[in-house]
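What follows is the residue order along each chain.
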Protein chains: 2
Amino acid sequence: PDEASAASVRAREAELIKPAGALGRLEEIAEWLAAWQRKPTPTVDRPLVAIFAGAHGVAARGVSAYPAAVTRQMLDAFSSGQAAINQICGAFGLGLKVFDLATEKPTPDFTEDAAMTEAECAATMAYGMEAIAGGVDLLVVGEMGIGNTTVASALAAALFGGDVADWVGRGTGVDEEGVARKVAAVEAALERHAGNLDDPLEALRRVGGREFAAIGGAILAARLEGVPVVIDGFVATAAAAVLHAYDASALAHCVAGHKSAEAGHKRLLKRLELKPLLDLDMRLGEGSGGALAVTIVKAAVACHTGMATFAEAAVSEKG
Amino acid sequence: PDEASAASVRAREAELIKPAGALGRLEEIAEWLAAWQRKPTPTVDRPLVAIFAGAHGVAARGVSAYPAAVTRQMLDAFSSGQAAINQICGAFGLGLKVFDLATEKPTPDFTEDAAMTEAECAATMAYGMEAIAGGVDLLVVGEMGIGNTTVASALAAALFGGDVADWVGRGTGVDEEGVARKVAAVEAALERHAGNLDDPLEALRRVGGREFAAIGGAILAARLEGVPVVIDGFVATAAAAVLHAYDASALAHCVAGHKSAEAGHKRLLKRLELKPLLDLDMRLGEGSGGALAVTIVKAAVACHTGMATFAEAAVSEKG
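Participant: So what's going on with the sheet that holds strand β3 (residues 138-144) of chain B? Residues and values would help.
Facilitator: All names here are of chain B. With respect to topology, five strands assemble into an open sheet ordered β2-β1-β3-β4-β5, the strand pairing being parallel. The strands lining the two open edges of the sheet, one partner per strand, are β2 (95-100) and β5 (254-256). For this sheet, the mean inter-axis angle between neighbouring strands, taken without regard to orientation, is 25°. Pairing geometry for strand β1 (residues 47-53) and β2, over six bridges, is parallel. Bridge assignment links L48 to a residue of β2, and that residue is G95. Along the sheet face, helix α10 (residues 210-225) touches β1, β3, β4 (229-231) and β5 and points at about 175° away from the line of β3.

Structure, rendered in structure tokens:
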């Protein structure tokens, strides 16, 4: 982070016509943004929501309330402007790009085989890095992929251990039996790959999926290019956790957009020490919670850059 | 509320391309909005932030970190587009109206006399009712007034009882001695008006202030005219509490925009059973937290009205 830019924001915040700290997290966000954008005046002029879509062999195990075909149907809906994320992007002027990660060819069922080869995992991470091409100044990482909350649970369990059931939730809305199938799939995957999950990237390759690899790549590239990141829900956070497992400061340029209703997300946020901006019981994916959180970042920038100072406005300071 | 409109929203929500309930509170908000706007398709086309500004005799007791002159200076800042609320309204297309409630003539110090006469209190409530004139479809009630967190604490203590210190916070940022002066002022006011605070309107008149009366009027008028309301922070919520004290359902057309960092606000929200949309440690007033929460309402309406149904998008339903 650029400490000089952060200091510049702090100095200006102290001069704006409000009690010190009265804008709460908006002030923190302005400072964080400037630090990672490496400029004294933060911007949200070109925010982009990137949706990474993957298809998962494990979906055949009845781990979702929806058929696997929905993944590709939703890609069409994103293109046609019909999904929730299109409405949120439209309402607040956010760009939207969808990355189709070979959804015509699902990864192998990870209870039987590794989800990706090493080459495929690396290539998918590299593809994810493309998300910030073209002058993005704030990136939201989101996803689509029937079955991917089961994958997120497997990855979280591989990285953090603990009781598998604690990492599994209802996803798109499965019933008790569906939850049991999810737990069984995760346990089978952990057993199948036992002894090969200590390296976080190897865990990603074996019990992850393509959107997880791409999100990891996007977050890395954003760090290098000075683009702050808003992480969406459980799946995107599980992908981010792979980087965190290598280096606890790897997500310092990221903020959690929201806390989703999905059970494992709260645990994951706590492990990663990410404090969500919103808590609205959303659990849709598509980057929807992260996109909505961009409004908070926009407000932070608008207040920081647009407000007058005590001197400019001739307002009396603290007496 | 209009049950038919609410039912219409629920029926459409069930058809939209997302798992049932996956948009969490956004779905509740769409339904609530339609019910109180009394139309099957809710809108946020003409949202208005109303700032009610009052001046308080009790400010002379050193209960604020800022001189009383700041109230009128901030009115100039609002007019010139220099304050935080101007930036938030500008960023999200919200209208802004400022109601100057005779700030040139502060109310008497309520530790010595009633803040308002009966006629003045009634006239101020009526003036507040003007807030929704001109086709507003969503109203945010906010305020400005040096000393008014002390007034809010007095009103909350009068309405709900309990330890005065539990209702008093740091406001604009007073130190420990300032907090002690606030507690002393509230205790003196409660003692001065003892025996006359059982009627909520009489409590408002005696230990309230003009912006509190006007906000009460605005919330009442909004109810009658089918305008849902977003309540800002501690002061606005204390004003709303007066109506709640008469009828526990009086705020059903209101949502709490945010939970502020001001100590008493959390207690008050709990008493009123209001669940805030945002929790960002803001404590500025000016309607700022409520205005920011309008983005959530806008997103709810955009998703509800703009998304395609499963049939329209040819997306497979739950299997």
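Participant: Run through the packing of helix α5 (residues 118-129) of chain B against helix α9 (residues 200-207) of chain B, naming residues and quoting values.
Facilitator: The axes of two packed helices give the description: the angle between them and the distance between them. Residues and elements named next belong to chain B. It is the contact of α5 with α9, at a shortest axis distance of 10 Å, that shows an interaxial angle of 100°. Between α5 and α9, the angle is such that the two are roughly perpendicular. Counting all contacts with α5, which are made through E118, C121 and M125, the residues of α9 involved are L201, E202, L204 and R205. A class-by-class count of the residues in the contact of α5 with α9 yields four nonpolar, no polar and three charged.

Participant: Any chance you could break down the relation of the copies chain A and chain B for me, citing the residues and the numbers?
Facilitator: For the pair chain A and chain B, the relating rotation is 180°, the translation along its axis is 0.0 Å, and the fit reaches an RMSD of 0.0 Å. Taken together, the turn and the small shift mark the pair as related by a two-fold rotation axis. Interface residue correspondence from chain A to chain B reaches 100%, placing this contact among same-surface, isologous pairings.

Participant: Lay out the interface of chain A and chain B with the relevant residues and their values.
Facilitator: Chain A puts 53 residues into the contact, and the matching count from chain B is 54 residues. Both faces combined, the contact of chain A with chain B buries some 4,300 Å², and carbon together with sulfur accounts for 66% of it. Sorting the residues of chain A by area buried against chain B places Y66(A), Q82(A) and L280(A) first, and these three jointly supply 13% of that buried surface. Remark: the boundary between chain A and chain B carries two salt bridges. Ionic pairing is found between K275(A) and D281(B), a salt bridge with its closest N-O pair at 3.8 Å. Applying the counting criterion to the chain A and chain B interface returns 15 residue pairs in polar contact (both at pLDDT 80 or more). Those elements giving two or more residues to the side of chain A that touches chain B turn out to be α2 (25-37), α3 (70-79), α4 (84-92), α13 (288-306) and α14 (310-313) of chain A. The element contributing the most residues to the side of chain A that touches chain B is α13(A), with eight residues. Here the residues of the side of chain A that touches chain B are counted per class, giving 33 nonpolar, eleven polar and nine charged.

Participant: Any details on the packing of helix α4 (residues 84-92) of chain B against helix α13 (residues 288-306) of chain B? Residues and values, ideally.
Facilitator: Residue and element names in this part refer to chain B. Where α4 contacts α13, the two axes come as close as 9 Å, and the packing angle between them is 15°. The orientation of α4 relative to α13 falls into the category roughly parallel. α13 is crossed by α4, and the crossing has left-handed handedness. Of the residues in α13, those touching α4 at I85, I88 and F92 are S288, A291, L292, T295 and K298.

Participant: Tell me about the pairing of β3(B), and please be specific about residues and values.
Facilitator: The two faces of a sheet get side chains in turn, since along a regular strand they alternate between them. Residue and element names in this part refer to chain B. By the criterion of burial, β3 is predominantly enclosed, with seven of the seven residues buried. Covered by surrounding structure in β3 are L138, V140, G142 and M144 together with L139, V141 and E143, the residues of both alternating faces. Summarising the sheet, β1 and β3 pair through seven bridges and their orientation is parallel. Bridge pairing in β3 links L48 to L139. Taken together, the three bridges between β3 and β4 define a ladder with parallel strand orientation. Across the sheet, V140 pairs through a bridge with V230, a residue of β4.

The rules behind each value
Residues numbered from 1 in each chain as written. Chains lettered and ligands numbered in written order. Predicted model: local features only at pLDDT ≥ 70, side-chain atom pairs only at ≥ 80, totals over all residues. Heavy atoms only, no water. Pairing = 2+ DSSP bridges. Helix = DSSP H or I, 4+ residues; strand = E, 2+ residues; numbered from the N terminus. Axes fitted to C-alpha atoms, helices over the stretch in contact; angles between N-to-C directions. Contact = heavy atoms within 4.5 Å. Parallel < 35°, antiparallel > 145°, perpendicular 65-115°, else oblique. Nonpolar A, V, L, I, M, F, W, Y, C, P; charged D, E, K, R; others polar. Least-squares fit on C-alpha atoms with pLDDT ≥ 70 in both. Buried area = accessible area lost by both parts, 1.4 Å probe. Salt bridge = Lys/Arg side-chain N within 4 Å of Asp/Glu carboxyl O. Polar contact = N/O pair within 3.5 Å; in protein donor to acceptor, adjacent residues only side chain to side chain. Left-handed = near helix turned anticlockwise from the far one by under 90°. Buried < 20%, exposed > 50% of the residue type's maximum accessible area, 1.4 Å probe, protein only.

By themselves, these are just geometric observations and shouldn't be taken as functional.
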